[in-house]
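# Fold and contact review
Letter by letter, the chains look like this.
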Amino acid sequence: MALIANVTIGILAMQGAFAEHQVMLQKLSLKSRMVIVLVRTPEDLARCDALIIPGGESTTIALLARLAGLLGPLREFVKSKPVWGTCAGAILLAQSVEGAKKGGQELLGGISATVARNGWGSQIESFEAPLEVEGMRDPERPFQGVFIRAPVVVALHPSPSDPPIQIVSRISASLLPRTQTLVPYDEDDTDPRDPRTIVALRQGRHLLTSFHPELTKDDRFHEYFVRECVLPTLA
Amino acid sequence: MSTPNSQPSGIATPPIQGAGNSAGTPMLAPTRSTQTKDGANSSLGTFGVKSGLAQMLKGGVIMDVVNAEQARIAEEAGACAVMALERVPADIRATGGVARMSDPKMIKEIVDAVTIPVMAKVRIGHFVEAQILQAIGIDYIDESEVLTPADDEHHINKHAFKVPFVCGARNLGEALRRISEGAAFIRTKGEAGTGNVVEAVRHQRSVMSEIRKASVMNEEELYAYAKDIQAPFHLLKETARLKRLPVVNFAAGGLATPADAALMMQLGCDGVFVGSGIFHSGDPAKRARAIVQAVTHYNNPKLLAEISEDLGEAMVGLTITDGMKGGRLATRGW
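Residues numbered from 1 in each chain as written. Chains lettered and ligands numbered in written order. Predicted model: local features only at pLDDT ≥ 70, side-chain atom pairs only at ≥ 80, totals over all residues. Heavy atoms only, no water.

## Brief notes about the sheet that holds strand β2 (residues 33–39) of chain A
Residues and elements named next belong to chain A. Sheet architecture is open: seven strands sit in the order β2-β1-β3-β4-β12-β11-β10, paired in mixed fashion. Of all the strands in the sheet, the pair left with one neighbour each is β2 and β10 (165–170). The average angle at which neighbouring strand axes cross in this sheet is 15 degrees, direction not considered. Pairing between strand β1 (residues 6–12) and β2: seven bridges, direction parallel. Its bridge partner lying in β2, I9 is registered against I36. Of the strands in this sheet, β1, β3 (50–53), β4 (83–86) and β12 (206–209) are in contact with helix α4 (residues 71–80), which crosses β3 at around 120 degrees. (Pairing = 2+ DSSP bridges. Helix = DSSP H or I, 4+ residues; strand = E, 2+ residues; numbered from the N terminus. Axes fitted to C-alpha atoms, helices over the stretch in contact; angles between N-to-C directions. Contact = heavy atoms within 4.5 Å.)

## Here's the deal with helix α1 (residues 18–27) of chain A
Note that an α-helix has 3.6 residues per turn; residues three or four places apart therefore point the same way. Buried residues dominate α1(A), accounting for eight of its ten residues. Those residues of α1(A) that fall on the buried side of the exposure criterion are F18(A), A19(A), E20(A), H21(A), Q22(A), V23(A), M24(A) and L25(A). Close packing links the buried residues of α1(A) with β1, β2, β3, β4 and α6 (220–234) of chain A together with α1 (47–57) of chain B. (Buried < 20%, exposed > 50% of the residue type's maximum accessible area, 1.4 Å probe, protein only.)

## Quick notes on the interface of chain A and chain B
Between chain A and chain B, the residue contacts involve 49 residues of the former and 52 residues of the latter. Of all residues in chain A, the largest losses of buried area upon contact with chain B belong to Q123(A), I124(A) and E128(A), amounting jointly to 17% of the total for that side. Linking chain A with chain B are three salt bridges. A salt bridge links K101(A) to E76(B); the nearest nitrogen and oxygen atoms lie 2.8 Å apart. Applying the counting criterion to the chain A and chain B interface returns 23 residue pairs in polar contact (both at pLDDT 80 or more). When the residues that make up the side of chain A that touches chain B are grouped by side-chain class, the tally is 21 nonpolar, 16 polar and twelve charged. Pairing of strand β7 (residues 127–131) of chain A with strand β2 (residues 41–44) of chain B, which is carried by two bridges, proceeds in the antiparallel orientation. Paired with E128(A) across the bridge in β2(B) is S43(B). (Buried area = accessible area lost by both parts, 1.4 Å probe. Salt bridge = Lys/Arg side-chain N within 4 Å of Asp/Glu carboxyl O. Polar contact = N/O pair within 3.5 Å; in protein donor to acceptor, adjacent residues only side chain to side chain. Nonpolar A, V, L, I, M, F, W, Y, C, P; charged D, E, K, R; others polar.)

## Some points on the pattern of salt bridges
Going through the model one piece at a time under the given rule, you end up with 36 salt bridges over all chains. When the shortest N-O distance is used, the salt bridge between R117(A) and E57(A) registers 3.3 Å. Placement of R117(A) in the loop between β6 (111–116) and β7 and of E57(A) in the loop between β3 and α3 (58–67) is noted, with a sequence separation of 60 residues between them. The partner of D142(B) in a salt bridge is R187(B), with the nearest N and O atoms 2.9 Å apart. Residue D142(B) is located in strand β6 (residues 140–144), and its partner R187(B) is located in strand β8 (residues 185–188); the two are separated by 45 residues in the primary sequence. Overall, R187(B) belongs to the buried group, its relative accessible area being 3%. Taken together, the shared-partner salt bridges connect R137(A), D138(A), R141(A), R202(A), D218(A), D219(A), R220(A), E223(A), R227(A) and E228(A) into one network.

## Structural notes on the packing of aromatic side chains
Residues and elements named next belong to chain A. Counted according to the given criterion, the structure contains 14 aromatic pairs over all chains. Measuring from centroid to centroid gives 5.4 Å for W84 and F225, while their planes differ by 40 degrees, and the two rings are tilted. Of this pair, W84 sits in strand β4 while F225 sits in helix α6, placing them 141 residues apart in sequence. Residues W84 and F225 agree in their burial class; the two are buried. Through pairs of rings, three or more aromatic residues link up here, namely W84, F127, F143, F147, F211, F221, Y224 and F225. (Phe/Tyr/Trp six-rings, centres within 6.5 Å; stacked < 30°, edge-to-face > 60°.)

## Details of the UniProt feature "binding site: L-glutamine" (unreviewed entry) in chain A
The UniProt feature table records "binding site: L-glutamine" (unreviewed entry) at G56(A), E57(A), S58(A), R117(A), I148(A) and R149(A). On the basis of their most widely separated C-alpha atoms, the annotated residues across 94 residues gather in one place, lying no more than 13.1 Å apart. Checked against the element boundaries, G56(A) lands in the loop between β3 and α3. For G56(A), a relative accessible area of 9% puts it in the buried group. In this view, G56(A) contacts Q15(A), G16(A), I61(A), A88(A) and M56(B); residues no more than four positions away in its chain are not counted. I148(A) sits in the buried class, given a relative accessible area of 2%. If sequence neighbours within four positions are ignored, I148(A) has contacts with C87(A), Q123(A), S126(A), H212(A), L215(A), G48(B), V49(B), G52(B) and L53(B). (UniProt positions renumbered as here; feature names shortened; annotations may be inferred.)

Below, the structure is given as structure tokens:
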């Protein structure tokens, strides 16, 4: 890898688990020097080469972003620079959302997918499960996925004009919590084509995960984002 | 910025199943596992997902609401969760009598009205109220001193539940005792229903100063200190190493203004609960939104000044004395 002088990665710090992402990024050893910015204003965002939108409450994060004058700049940012959304961040990156709050909620878009909020049910259905992730360091070692009131990918909307959608990880259907809200897809809920088993996907330089790599001690997902999505844009 | 708890599991002692069941507590399976063909496991209700939800609430405001309409106002104002209860603490003080868990029907109406997590309170030690709330799919339970205690000696064995618990604490020892019982989230007790932040400040300052003290102690001193503050040694040691509580810590009890919220954040809290302070004020929607903004921008006095402008009447505050109506709630809990 060529030596790159500086990369500035922002973490949207409106509400939620932004400090956990900061700790994970600080642990990465990279050949390039990384600057981490907690983004609270449009000026903070303007310094960034890439952005992580953390877990939290998507309605709260969107409202605070609007009140801070960040919604417009964020939508512009998503059009040109790499963004990774975890959980609530994944909801904000989606093209459309099911189970939004009454009156709808604001999204940033960027990934051609529809996600359902709290897709597996309430907190009682929150779970941990091992995942196989394509393209990650030490692929034989599963990544522990922490799913907390997690969103679920319910549809992909590929289009020739958009970058292709690449599935980075699917959860084994047999590991999913059985809830009343889970209606079999095509009469068979173990169907490998079921979009609801997708827990990580990439489109262009954007990354979406419905789980929380920042709640583990495993920095491989953060390394993956920086290596696969961020550094190539600076080369 | 405080160091986050980046350790999802293995902090608290493992769930006790079937043992020590002298009180006749029906032991609910704390985790349910499913397996794939090749033997991989997934599990529900781990300590990681319990404390993890609290981590997702950080930097947010959890608001007391008494009906679906207030819950919607709170959600629109940017609350990261709501606490469903029949009477806010100020009204519990005013009306007196025994305060209990709310009607499940009213809680379900609030759950149906909003998309954010819904919490509800149970009396200290009342594990059946907790079983009922778990059965209706509540997201978090507050084992709260604001309600009248049901047990004057024991708290709920919170490891026995899939639903996570938040508990109040006045000092480090109390916080670690609650975590040892399975609480995945701690808040200051403050003095609920007073609109007076002084007790919340006292409790947060105690916790922080005791953590600072412990963080420079050697092992022998930690053993003695654990005995002194009546805290489990392994949790005290972990706290000393992290230089913070091993779970998320919010402020609660008496917060009424955006400045109160920012004060508690600057004192090291991860987020805030606001009870009577919102819906007992002149313009609840506006005040709620201002407090939400204040928690995000707690270190920006210029912005705090703008946020604090023109919010209408704050709730009427009370001076905290032993003789005040409803008495001191913070002394409940053991």
